[in-house]
Amino acid sequence: MQKKVEAYIRQYQMLEQGSRVIAAVSGGADSVCLLHILVTLKEKFGLEIQTVHVHHGLRGAEADRDAEFVRELSEQWKVPCLVVYRDAAAYARERGMGVEEAGRELRYEAFYEAAKALHGARIAVAHHQEDQAETILHNLFRGSGLKGLGGMAPVRDRVIRPLLCVGRRDIQEYLEEQGIGWRQDSTNDSTDYTRNKLRHKVIPMVCQEVNGQAVAHIVAAGERMRQAQAYFEKEAAEVLRAYGREEAGEESRYRRIGLPSQAVARLPDIMQAYVVMEIMGRLGGARRDLLSVHVQQVIDLTKKQTGKTFFLPWGIRAYREYDMVWLEAGERNGKTEQGMLLNHPSFSVECFPASILREKHQKIPEKKYTKWFDYDKIKGTLSVRTRQTGDYITLKDGKKKTIKAFMIDEKIPRSRRDEMLLLTEGHHVLWIIGCRISEFYKITDETQQILQVKTDGGEEHGGKDSCPDFGGGCEQEDQ
């Protein structure tokens, strides 16, 4: 076991001689095994190790016992220990997210803070093969691309995963042979969370009924997916090197990267998508905030007339200009050629099953700059833009009202009407940003998939906490 993990560490160059390591230890079998193996390698690699345990303020006395167990174990193995206390439930409520997601964010925040204090240490986490299989299946069922189907990387940023080469049974047998105990988190046995359903129901059933080596095969497929992802990213960079153009404005007020529309059209579909994602990455965006709808918007520009514009996450604008398709970030004299503000809010989008809310008995949060929509009712491409002739919104009585008429009725000043951003499907407005949403796209008991749209509000659009005061104002919806 120790030799196998050491070989895996060397294969992916996770540790160097004299490395500093933060060991994320919950007290469970996986993390205890990870810490023990790091301790056995301490002298060989000249490691400086510190354990970090995050107490989420959940599970009461059980969580207290886990923290004390990690302290005692660290002391026994002569490793400094840091216990960090966080309120995961409060964090989740403040941000309108699930407790599981909140706990993960808080854990990694604590790990990175500890790594920084330890002068840029590596962060060792205890994910193993079953965790990898769960991640890949979870991403598959959510509709992920190649990157998600590749699962967790052995090395990402400062995070290393030395146990991805072994399974849960290997870990428990190792601890039993070494005479080492561990703590059992009671929430791991619950099937309230999607991952636990995969862990306790789906994967065991597949291993029993389909193939006993299913986990190993899923993990191997994930590795091939990561290799494919790396290949397409490399090829996308080559396409940009050969055909791309990059320009920047004076004093770097804006930066844009473009490709001839004919060059994009000649690429295979999958390469078109990777080229778009490569450009987004170079302009400072985050690929994780992109959905297929964003990528397709850019690709569709090869078939549009000049002047057509879409807004993408991270304040990036995509548009057609003669025979070129451009993606642009920054500010060009405050406005685009069509008068739309470039200094608009950044957006992030996520789609998830409505069953998650029903299982947890959660209500739609009342947040001004986070809105949830019935994803299944969206048939076309979504855009974030200013108003156009023909735009309309659906009201509570099911009647449609033009955006022009709506703004007049709400006493929105004429000077502000062309600055307000809209989330639209064609000319149907889902959301007047910071204001009303369409009744048509609201979530109902029949909703199967939910589209969550978050925005920071933007300085030009009223900020995070306030809807612009338009005299008559906009009625705030409860969704």
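In this text the structure is predicted, and so the values were computed from the model without any measurement. (Residues numbered from 1 in each chain as written. Predicted model: local features only at pLDDT ≥ 70, side-chain atom pairs only at ≥ 80, totals over all residues. Heavy atoms only, no water.)

Visitor: What am I meant to see in the environment of Leu-164 here?
Guide: By secondary structure assignment, the location of Leu-164 is in the loop between β6 (159-160) and α9 (168-178). A relative accessible area of 5% places Leu-164 in the buried class. With 10 residues separating them along the chain, Leu-164 and Pro-154 place their C-alpha atoms 7.0 Å apart. Leu-164 has contacts with Tyr-8, His-127, His-128, Gln-129, Gln-132, Met-152, Ala-153 and Pro-154, leaving out every residue within four places of it along the chain. (Helix = DSSP H or I, 4+ residues; strand = E, 2+ residues; numbered from the N terminus. Buried < 20%, exposed > 50% of the residue type's maximum accessible area, 1.4 Å probe, protein only. Contact = heavy atoms within 4.5 Å.)

Visitor: I keep staring at the sheet that holds strand β11 (residues 324-330) and nothing clicks. Help me out?
Guide: Sheet strands pair via backbone hydrogen bonds, and the direction of the pair is either parallel or antiparallel. Reading across the sheet, the five strands line up as β7-β8-β11-β10-β9 and stay open at both edges, with antiparallel pairing between neighbours. Each edge of the sheet is formed by a strand with only one pairing partner; in this case those strands are β7 (245-248) and β9 (309-312). In this sheet, neighbouring strand axes are inclined to one another by 20° on average, regardless of whether the strands run parallel or antiparallel. Two strands pair when backbone bridges link them, and β7 and strand β8 (residues 254-260) are joined in this way by four bridges, in the antiparallel orientation. Residue pairing for β8: Glu-247 is matched across the bridge by Arg-256. Packed onto the sheet, helix α11 (residues 214-243) meets β7 and β8 and runs at close to 90° relative to β8. (Pairing = 2+ DSSP bridges. Axes fitted to C-alpha atoms, helices over the stretch in contact; angles between N-to-C directions.)

Visitor: Which parts of the structure should I look at to understand the nonpolar core?
Guide: In a soluble, globular protein the nonpolar side chains are often hidden away together inside. In terms of nonpolar packing, the biggest core is built from 36 residues, with Leu-15, Leu-38, Leu-47, Leu-163 and Leu-175 touching the most fellow members. Only α1 (2-11), β1 (20-24), α2 (29-40), α4 (60-76) and α9 provide two or more residues apiece to this core. With seven residues, the single largest contributor to this core is α2. Beyond its immediate stretch of four places on either side in the chain, Leu-175 contacts Ala-29, Val-32, Cys-33, Ile-180 and Trp-182. Counting 29 residues, the second largest nonpolar core, distinct from the first, contains Val-239, Val-298, Phe-310 and Val-325. (Core = buried A, V, L, I, M, F, W, Y, C linked by side-chain atoms within 4.5 Å.)

Visitor: So what exactly am I meant to see when it comes to the pairing of strand β14 (residues 382-385) here?
Guide: Every regular strand shows the same layout, with side chains that alternate between the two sheet faces. Of the two faces of β14, the one lined by Leu-382 and Val-384 and the one lined by Ser-383 and Arg-385 are each fully buried. Alignment of β14 against strand β17 (residues 422-425), held across four bridges, turns out to be antiparallel. If you follow Ser-383 over to β17, its bridge partner there is Thr-424.

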